[in-house]
Amino acid sequence: MTLAAPRGRVYPSIWISCFILIVIFVGLRNNVGMDWNNYLWMIQRANFGGWLQSLAVAEPGYATLLFISGKMGWGIYGAYTMGTIIFTAGLFKYARTTPYPWIALAVAFPYLITVIAMSGARQAVAIGVLFWLFGQWYNTSLLYRAGLILLATSFHASAIVFLLLITSDMQIRKPIRIIVFLFIVIIVGFGILRSSSFDFYQAAYISGGDSSSRVESGGAMFHVILNAGPAALAMVLGASVKNRLLPDKLHLKLAYASLLMIPVALEASTVASRFSVYLFPVSMMIVSSFPNLSKNSDQRVLFKAMIGIFYAFVLFLWLGYATNAHAWRNYSNALFIDPSRLELCCK
């Protein structure tokens, strides 16, 4: 019923119920995802001392979530749930800006929700903040945009790259804009170089000697194509169609960034895979706009059905054949586990 909903219709009671279900499904997961043990270690380290000591464990925003959750005795589930609320709020905020919000959520579910939100917890919170911003981009000031991008960066350092987006919207002379752009590039580069995780990423993902010694992101091209594929399709269908699928400059820039990730994936697969998850507004907007390309109501219904089937197949394909899918298949939830078996600390 939801995928078949008229344009812009969300059915508030179902919309809110879906929001709550995602928060429970993702936030209260137990022993799910490749990074489960890493986050157990992080929350323990974050609660060895005071709040200032916790900042050495992760970016300040997520370190604070870990610290609060530990001191309250909620364990990793508290940090996950608080982060999931932020992620889901941003996702739903952005989805409401698309022609068919339920289709936008269907696009996000197989990979962004199921995979990223249930493993890359820090980046998922950053995504939520950025999506909240993207959902109101043209109704906000440059200062507000910069503030939310920095807030996203406090959860995952990679989000600082989006400071580059705000330079093109500055109402200043082109030479000055170029200077500001270069200044932000320096800030972004310095921020990444100063990140506590940069040495690991640089050694493991970018250099690392010969290619056999690098850590590679399995299926990175598949992850990239989830956004780059719709972006490429929008580009080749002609200017009038492209303008309907990519309604403004923000989405056009994100679409170009999605296409840029294709050559990046060939050389630095994990960099491309990790950055591509920020670009899901491209596929969410384009795919949810496809039904409107037809004036025939029956064809629009057919488009919606085909979209639903395709993304169900994407989920099936990932869970069935992805290298790391085993970490998701035996899903369990804290609500249905004996309390003595829960990973609670650190009150």
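Residues numbered from 1 in each chain as written. Predicted model: local features only at pLDDT ≥ 70, side-chain atom pairs only at ≥ 80, totals over all residues. Heavy atoms only, no water.

## Section: the overall build of the protein chain
Using the following cut-off: We count a stretch as a helix when DSSP gives it H or I for four or more residues in a row; a strand needs E for two or more, and each element gets its number in order from the N terminus. Classification of residues uses two cut-offs on accessible area relative to the type maximum, computed with a 1.4 Å probe and protein chains only: under 20% is buried, over 50% is exposed, and between them is partly exposed. We call two residues in contact when some of their heavy atoms are within 4.5 Å.
Assigned secondary structure in the protein chain consists of 17 helices and 0 strands. Among the 347 residues that make up the protein chain, the fraction classed as buried is 50%. Here the contacts in the protein chain between residues at least 6 apart in sequence split such that 72% fall between residues at least 24 apart.

## Focus on the nonpolar core
For the record, the criterion: We call a set of buried residues a nonpolar core when its members are Ala, Val, Leu, Ile, Met, Phe, Trp, Tyr or Cys and they connect through side-chain atoms within 4.5 Å of each other.
Membership of the largest hydrophobic core comes to 101 residues, with the highest contact counts inside it found for Tyr62, Ile76, Leu91, Leu112, Phe134, Phe162 and Met284. The dominant element in this core, judged by the number of residues it contributes, is helix α6 (residues 101-116), at 11 residues. Excluding residues within four positions of it along the chain, Leu112 makes contact with Phe87, Leu91, Ala117, Ile127, Phe131, Val277 and Phe280.

## Looking at helix α15 (residues 280-289)
For α15, the tally of buried residues reaches 10 of 10 residues, placing the bulk of the element in the interior. For α15, every residue scored as buried is listed here: Phe280, Pro281, Val282, Ser283, Met284, Met285, Ile286, Val287, Ser288 and Ser289.

## Concerning the packing of helix α11 (residues 220-236) against helix α16 (residues 297-321)
We count it as follows: Throughout, an axis means a line fitted to C-alpha atoms (over the contacting stretch in the case of helices), and angles, computed between N-to-C directions, take values from 0 to 180 degrees. In these notes the angle categories are as follows: under 35 degrees is roughly parallel, over 145 is roughly antiparallel, 65 to 115 is roughly perpendicular, and the rest is oblique.
Contact geometry for α11 and α16: axes closest at 13 Å, N-to-C directions at 170 degrees. On the basis of the axis angle, α11 is roughly antiparallel to α16. Across from Phe222, His223 and Leu226 in α11, the residues of α16 making contact are Val314, Leu317 and Trp318.

## Examining the environment of Asn333
Our working rule: Here a polar contact is recorded for every N or O atom pair within 3.5 Å, except that within protein the pair must consist of a potential hydrogen donor and a potential acceptor, and residues adjacent in sequence are included only if both atoms are side-chain atoms.
With respect to the helices and strands, Asn333 occurs in the segment after α17 (326-329). Sequence spacing of Asn333 and Asn31 is 302 residues, and the spatial spacing of their C-alpha atoms is 8.5 Å. Beyond its immediate stretch of four places on either side in the chain, Asn333 contacts Ile24, Phe25, Leu28, Arg29 and Asn30. Looking at Asn333, its side chain comes within polar contact range of the main-chain oxygen of Ile24, at 3.0 Å.

## What to know about a nonpolar patch on the surface
This is how it is decided: The patches reported here contain residues having more than 30% relative accessible area and no salt bridge. Joining distances are 9 Å for like charges and 5 Å for nonpolar side chains (Val, Leu, Ile, Met, Phe, Trp, Tyr). Method for areas: the Shrake-Rupley scheme with a 1.4 Å probe, in which residue coverage is limited to the protein chains shown. The salt bridge definition used is simple: a Lys or Arg side-chain nitrogen within 4 Å of an Asp or Glu carboxyl oxygen.
On the surface, Phe313, Phe316, Leu317 and Tyr321 cluster together to form a nonpolar patch covering roughly 460 Å² of accessible area. Note on placement: Tyr321 falls in helix α16. For Tyr321, a relative accessible area of 62% corresponds to the exposed category.

## Points about the environment of Tyr94
Note that Tyr94 resides in helix α5 (residues 75-95). Residues Tyr94 and Leu133, spaced 39 residues apart in sequence, show a C-alpha to C-alpha distance of 8.2 Å. The residues contacting Tyr94, other than those within four sequence positions of it, are Phe131, Phe134, Gly135, His251, Pro281, Met284 and Met285. At a separation of 2.6 Å, a polar atom in the side chain of Tyr94 contacts the side chain of His251.

## Describing helix α2 (residues 36-46)
Stated precisely, the cut-off is as follows: Arc definition: directions from the helix axis to the C-beta atoms.
Of all the residues in α2, the buried ones are Trp36, Tyr39, Leu40, Met42, Ile43 and Ala46. In a view along the axis of α2, the buried residues occupy a sector of 160 degrees, so they form one face of it. Buried residues along α2 sit in contact with α3 (51-54), α4 (60-71), α5 and α7 (121-134).

## Focus: the confidence of the model for the protein chain
To be explicit about the condition: The pLDDT value tells you how sure the predictor is about a given residue, anywhere from 0 up to 100.
Per-residue confidence for the protein chain gives a mean pLDDT of 85, with 84% of residues at or over 70. Low pLDDT, under 50, characterises residues 193-216; the predicted model gives this stretch 25 contacts beyond four residues in sequence or across chains.

## Some details on unusual backbone geometry
The residue Asn31 is not glycine, and still its phi comes out positive at about 55 degrees. By the secondary structure assignment, Asn31 is in the loop between α1 (12-27) and α2. Overall, the relative accessible area of 48% leaves Asn31 in the partly exposed class.

## Here we look at the side chain of Arg29
The residue Arg29 is located in the loop between α1 and α2 in this model. Looking at Arg29, its side chain comes within polar contact range of the main-chain oxygen of Val26, at 2.4 Å. Side-chain polar atoms of Arg29 contact the backbone oxygen of Ala117, separated by 3.4 Å. Non-local contacts of Arg29, meaning those with residues more than four positions away in its chain, are made with Ile24, Trp36, Tyr77, Tyr80, Thr84, Ala117, Met118, Ser119, Ala121, Tyr331, Ser332 and Asn333.

## Quick notes on the packing of aromatic side chains
Convention followed: Think of it this way: a Phe, Tyr or Trp ring, Trp meaning its six-membered ring, pairs with another when their centres are within 6.5 Å, and the plane angle makes it stacked under 30 degrees, edge-to-face over 60, tilted otherwise.
All chains considered together, the criterion is met by 20 aromatic pairs. Pairing Phe310 with Tyr311 gives two aromatic rings, centres 4.9 Å apart and planes at 90 degrees, and the pair type is edge-to-face. The class of Tyr311 is buried, set by a relative accessible area of 9%. Taking 6.5 Å as the distance between ring centres and 80 degrees as the angle between the ring planes, the aromatic pair formed by Phe316 and Tyr321 counts as edge-to-face. Like Phe316, the residue Tyr321 is exposed in the burial classification. A connected cluster of aromatic rings, assembled from ring pairs, spans Tyr94, Phe131, Phe134, Trp137, Phe162, Phe275 and Tyr278.

## Some thoughts on the environment of Ile166
Along the chain, Ile166 turns up in the loop between α8 (142-153) and α9 (174-194). Judged by its relative accessible area of 6%, Ile166 is buried.

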